[in-house]
Amino acid sequence: MGPAQAVQIGPSRSIHTSGTLPICRLTRVPRRRSWQSVAMQLAMIGLGRMGANMVRRLHHDGHDCVVHDLEDSVVTALEDELGVIGARSLDELVDALATPRSIWIMVPAAYVGTTVDALAPLLDPGDTIIDGGNSWYRHDVDRSAALSPAGIEYVDVGTSGGVFGLERGYCLMIGGTVAAVERLTPVFESLAPGIEAAGRTPGRTDAEAPEEHGWVHCGPSGAGHFVKMVHNGIEYGMMAAYAEGLNVLSKANIGAVDHPVDAETAPLDAAPYYRYDLDLGKVTEVWRRGSVISSWLLDLTAEAFHADPELRAYEGVVSDSGEGRWTVSAAIDEGVPVPVLSAALYQRFSSRGRSDVADQVLSAMRAGFGGHIERRDATR
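Residues numbered from 1 in each chain as written. Predicted model: local features only at pLDDT ≥ 70, side-chain atom pairs only at ≥ 80, totals over all residues. Heavy atoms only, no water.

1. Examining helix 14 (residues 339–351)
Point 1. With 13 residues, helix 14 ought to run about 18 Å at 1.5 Å a step, and its terminal C-alpha atoms sit 18 Å apart, in line with that.
Point 2. Here helix 14 has its buried residues at Leu341, Ser342, Ala344, Leu345 and Arg348. An end-on view of helix 14 places all buried positions within 160° of arc, on one side of the element. Residues of helix 14 that are exposed and point more than 90 degrees away from the buried face comprise Pro339 and Val340. (Helix = DSSP H or I, 4+ residues; strand = E, 2+ residues; numbered from the N terminus. Expected span 1.5 Å × (residues − 1). Buried < 20%, exposed > 50% of the residue type's maximum accessible area, 1.4 Å probe, protein only. Arc of directions from axis to C-beta.)

Dropping the structure here:
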């Protein structure tokens, strides 16, 4: 990457990119959104795509941040950019904090357990560990129970907002004790979008509630990540619906294609009704305006088609980080049908070639009972 460049991301903020870390410069410090405007000290472990931006948002809202990451250059970059305190070890991080300490972990779910195990012996009664990643809610229940005898609070925070959270704010779904959540309220208020992010729901005329500001205390340990888990399961379904619908539109000109006439190709009797060469970029753009299916996901889809009309940058190999699986598992335990969410999850498996043996078995059976051959150039 070349010299640092400024990228405007909103009316008040811009990002400066360098060779090592996207650096944010806020041209105007945002007003304090909290009705409990108390500056707090918070440590952040994990300065990846979300952790670093959360530090920026907290710092520019007046909070005192101590940061740590396994990658020392990332810590140094935030020290230089914001003037925050950088810690090169967990011991150094804990020593830099006044009691009671509040330490936010923002690392991949697979590393949360080892991080908590290394951190807990260094803490004192009254300290709080916050897991803001995408951990399985059952792990939160177990970790909270293990830390309770030592007097250490464990708060789970399902965090939605991705790389745009710096400007838009983060939707926070929180689990933990009432006392721990109340103490961290100023932090949640600074990270959340604020009540101005959406109009008040019709009928709400009483005092503003935390959920209207973009954060909510869902219940005891695990509740935050349980709600975020289902949130991501719904996200899978919404994304799949857009993807499937756009795929139908992309094949709407199939009537203009010559198809083989053989035992392996279903005849298309309705060819005259499928002669639409549709521009998906234009379709997604018009759907953004006044349509009942408009959404941020659709905004991102339209942006992708505008930048790359054929989506050539993508192979269509779709990962899953666990939440969809856990959502389906919870639905099975509860006896709740989730056909849309489960189908969306299974499609992701298929996109990664995980249906290979099943597809081979199907071909083998067709060849066995009917002598059917495989067509690798199928048109429909």
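2. Topic: the nonpolar core
Point 1. One finds Leu47, Val55, Trp104 and Phe188 to be the most contacted residues of the largest nonpolar core, which totals 32 residues.
Point 2. For Trp104, the residues in contact, after removing those within four places along its chain, are Leu42, Ala43, Met44, Ile45, Met54, Ile130, Gly132, Val157, Thr159, Val187, Phe188 and Leu191.
Point 3. Residues Leu97, Ile105, Val116 and Ala120 belong to the second largest nonpolar core, which totals 20 residues. (Core = buried A, V, L, I, M, F, W, Y, C linked by side-chain atoms within 4.5 Å. Contact = heavy atoms within 4.5 Å.)

3. A short note on the sheet that holds strand 7 (residues 102–105)
Point 1. As summarised here, the arrangement of the 8 strands in space is 6-5-4-7-8-9-10-11, forming an open sheet in which the pairing is mixed. The open sheet is flanked by strand 6 (85–87) and strand 11 (215–219), the only strands paired with a single partner. Each strand of the sheet is rotated relative to its neighbour by a mean of 25°, with strand direction disregarded.
Point 2. With 4 bridges joining them, strand 7 and strand 8 (residues 128–131) adopt parallel strand pairing. Its bridge partner lying in strand 8, Trp104 is registered against Ile130.
Point 3. Taken strand by strand, helix 10 (residues 223–250) contacts strand 8, strand 9 (153–160), strand 10 (171–175) and strand 11, and its axis lies near 20° from that of strand 9. (Pairing = 2+ DSSP bridges. Axes fitted to C-alpha atoms, helices over the stretch in contact; angles between N-to-C directions.)

4. With respect to the pattern of salt bridges
Point 1. Under the counting rule described, the total for this entry stands at 19 salt bridges.
Point 2. Here Arg88 and Glu79 are joined by a salt bridge, their closest N and O atoms 2.8 Å apart.
Point 3. Under the relative-accessibility criterion, Arg88 is labelled partly exposed at 36%.
Point 4. The closest approach of N and O atoms between Asp127 and Arg101, which form a salt bridge, is 2.7 Å. Of this pair, Asp127 sits in the loop between helix 4 (109–119) and strand 8 while Arg101 sits in the loop between helix 3 (90–95) and strand 7, placing them 26 residues apart in sequence. Arg101 matches Asp127 in its accessibility class, with the two residues each being buried.
Point 5. Shared partners join several salt bridges into a network, and the residues in it are Arg200, Arg204, Asp206, Glu211 and Glu212. (Salt bridge = Lys/Arg side-chain N within 4 Å of Asp/Glu carboxyl O.)

5. Brief notes about the confidence of the model for the protein chain
Point 1. Residues of the protein chain with pLDDT of at least 70 account for 90%, and the chain-wide mean is 90.
Point 2. Note that pLDDT drops below 50 for residues 1–35; the model gives that stretch 86 contacts with residues more than four away or on any other chain. (pLDDT = per-residue confidence, 0-100.)

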